[in-house]
Amino acid sequence: MFSKRIGIDLGTANSLVYLEGEGVVLNEPTVVAVSEDDGEVVAVGSDAKEMLGRTPEGITATRPMRDGVIADYIITEVLLKHFIDKVCGKSRFFKPEVMVCVPAGVTSVERRAVLDATLSAGAKSAYLIEEPLAAAIGAKIPIGAPSGNMIVDIGGGSTEAAVISLGGVVVHSSARVGGNKVDESVTQYIRRRFNLIIGERTAEEIKLTLASATSLEERISMEIRGRDSITGLPKTIELTDKEITEAIRPTLNRILEAVKGVLEQTPPELASDIIDKGIVMSGGTSLLQNIDKYFTEATGVPCHVADDALLCVVQGTGMALENIDLYKRSITKR
Ligand SMILES: Nc1ncnc2c1ncn2[C@@H]1O[C@H](COP(=O)(O)OP(=O)(O)OP(=O)(O)O)[C@@H](O)[C@H]1O
Ligand SMILES: [Mg+2]
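Residues numbered from 1 in each chain as written. Chains lettered and ligands numbered in written order. Predicted model: local features only at pLDDT ≥ 70, side-chain atom pairs only at ≥ 80, totals over all residues.

*Asks:* How would you explain the overall build of the chain if you had to name every residue and give the values?
*Replies:* Along the backbone of the chain there are eleven helices and 19 strands. Taken over the C-alpha trace, the chain has a radius of gyration of 21 Å; the compact-globule value for 334 residues is 20 Å, and the two agree within 12%. Counting only C-alpha atoms and orienting by the principal axes, one finds that the chain spans roughly 60 × 55 × 35 Å. For the chain, the proportion of its 334 residues judged to be buried stands at 46%. Taking all contacts inside the chain whose residues are at least 6 apart in sequence as the whole, residues at least 24 apart take part in 65%. (Helix = DSSP H or I, 4+ residues; strand = E, 2+ residues; numbered from the N terminus. Rg over C-alpha atoms; globule rule 2.2 N^0.38 Å. Buried ≥ 20, exposed ≤ 12 C-beta atoms within 10 Å, placed from the backbone. Contact = placed C-beta atoms within 7 Å.)

Here is the structure:
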């Protein structure tokens, strides 16, 4: 009664926290700034992101999640503690119950490590839920029904595709490709075609403005500034949506392969349900223009983007914790 219940989505780019009864209360970059001398943590989350690129010597900003999986457990614990403290207050009397989502198919060693990190970060009890289930719950898919549902979460670092039936994951596939790789393909194209070097932020901005999975009816263009790789001097170029749409196509096809891989392994009865109901997409990269249209054409199965696509995973994690009896088959507890 007195202890709070919180759900946490540790994303490659951003981490979100859901508080029971309130909804999503925190959304911060998954970054921790560490001192190089003694390994001490200097800043976490938004404060650490602010430091990225402008840190004095001796401080490095690290991202504990890489390609959608935890790469550094010590830093992850620091991050979890930061979120728990921020939501529950530092001098709390009752420890919270915390549910964290993990990619489908993580090993039992990895599960244990996340559970331990959550408990050390100050949780009374720690729970894990598989990310595709959380995404499906958050997308309001009735996952308990004896019928096949397919969800594809395309984030910054990874893509997770899964077929769910009777509250459990039946088939899944994950690929270490997402929005970050889309940004990289933009950067590489511009470097090759114009000898222009651009930063990460610019690449993402170009993607958000110009990128589309299928060509747009109306041409749009934008002016890009960067550094010429040959002269070393600043340079401005004009870029169109058509070029970027072509440049990102191979990366989108890698994401598509993960989706097709799951469809190929799906038992026939469930496949027939999915053809009826379609595929639901979530995660930030599902917001890329026309990606639903492109995937529909490529798979022959109707694809739709969920409402609040960026929040599905954290909302589903929180909702699973609120209705733990309903989902207990798919939840690991410690
Ligand atoms: N409107 C949009 N169009 C295209 N891409 C977008 C849009 N909005 C966000 N993104 C991209 O979505 C990605 C972030 O998505 P999300 O927050 O779901 O990732 P994450 O949960 O941190 O990563 P992961 O789930 O892989 O660990 C970024 O690459 C961002 O550029
Ligand atoms: Mg995510």
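*Asks:* A description of the domain arrangement of the chain should follow, citing residues and the corresponding values.
*Replies:* Parsing the chain into structural domains produces domain 1 (5–31 + 63–134 + 313–333), domain 2 (142–176 + 252–308) and domain 3 (179–247). Between the C-alpha centres of domain 1 and domain 3 there is a distance of 35 Å. (Domains from an automatic or database assignment.)

*Asks:* Could you give me a rundown of the packing of helix α2 (residues 73–88) against helix α3 (residues 108–120), with the residues and numbers involved?
*Replies:* Two numbers describe a pair of packed helices, the interaxial angle and the distance between the axes. Packing of α2 against α3 leaves a shortest axis separation of 8 Å and a crossing angle of 40°. Between α2 and α3, the angle is such that the two are oblique. For the pair α2 and α3, the crossing hand works out as right-handed. When α2 is examined against α3, the residues Y73, T76, E77 and L80 are found in contact with a partner set consisting of A113, A117, T118 and S120. Split by residue class, the contact of α2 with α3 holds four nonpolar, three polar and one charged. (Axes fitted to C-alpha atoms, helices over the stretch in contact; angles between N-to-C directions. Parallel < 35°, antiparallel > 145°, perpendicular 65-115°, else oblique. Left-handed = near helix turned anticlockwise from the far one by under 90°. Nonpolar A, V, L, I, M, F, W, Y, C, P; charged D, E, K, R; others polar.)

*Asks:* Provide a residue-level description of helix α6 (residues 200–210), including the pertinent values.
*Replies:* Three or more residues of α6 are buried, namely A203, I206, K207 and L210. For α6, the angular spread of buried residues about the axis comes to 100°, placing them on one side. For α6, the elements touching its buried residues are α5 (179–194), β15 (221–228), β16 (234–240) and α7 (241–265). (Arc of directions from axis to C-beta.)

*Asks:* If you had to explain the site of ligand 1 to someone new, which residues and values would you point to?
*Replies:* Close contacts around ligand 1 come from 22 residues, with G11, A13, G155, G179 and G284 the closest. Here the element with the most residues in the shell around ligand 1 is α6; it accounts for three residues. Per-class residue counts for the shell around ligand 1 are six nonpolar, 14 polar and two charged. (Near = placed C-beta within 6 Å.)

*Asks:* Explain the environment of I237 residue by residue, including any values.
*Replies:* On the secondary structure map, I237 appears in strand β16. Overall, the presence of 16 C-beta atoms within 10 Å leaves I237 in the partly exposed class. In this structure, the C-alpha to C-alpha distance between I237 and P64, residues 173 residues apart in sequence, is 35 Å. The contacts of I237, once residues within four sequence positions are left out, are F194, L196 and I224.

*Asks:* Got a sec to walk through the pairing of strand β11 (residues 149–154)? Specific residues and values, please.
*Replies:* Among the six residues that make up β11, six are buried, leaving the element largely enclosed by the rest of the structure. Neither face of β11 is exposed, since N149, I151 and D153 on one face and M150, V152 and I154 on the opposite face are all buried. Two elements, β11 and strand β12 (residues 159–165), share six bridges in a ladder whose sense is antiparallel. Counterpart to V152 in the pairing with β12 is A161. (Pairing = 2+ DSSP bridges.)

*Asks:* Now, about unusual backbone geometry: what can you tell me, with residues and values included?
*Replies:* At L166, a position not held by glycine, the phi torsion is positive, near 50°. Of note in this structure, N290 is not a glycine but carries a positive phi near 65°. For N290, the position within the fold is in the loop between β17 (279–282) and α9 (291–299).

*Asks:* So what about the pairing of strand β4 (residues 32–35)? Which residues, and what values?
*Replies:* Judged from the three bridges that link them, β4 and strand β5 (residues 41–44) form a sheet pairing that is antiparallel. Paired with V34 across the strands is V41, a residue of β5. Bridge count for β4 against strand β6 (residues 59–62) is four bridges, and the pairing is antiparallel. If you follow V34 over to β6, its bridge partner there is T60.

*Asks:* How would you sum up the sheet that holds strand β9 (residues 97–102)? Please name residues and give values.
*Replies:* Strand order in the open sheet made by the six strands is β3-β2-β1-β9-β10-β19, with mixed pairing throughout. Of all strands in the sheet, those bounded by a partner on one side alone are β3 (23–29) and β19 (331–333). Going from strand to strand, the sheet's axes swing by 20° on average, the running direction of each strand aside. In the sheet, strand β1 (residues 5–10) pairs with strand β2 (residues 14–19) via five bridges, with the strands oriented antiparallel. Residue pairing across strands places I8 opposite V17, the latter belonging to β2. Relative to the sheet, α2 contacts β1, β2, β3 and β9, its axis offset from that of β2 by approximately 40°. Most of the contacts of α3 go to strand β10 (residues 125–130), to which it runs at about 140°, and overall it touches β9, β10 and β19.

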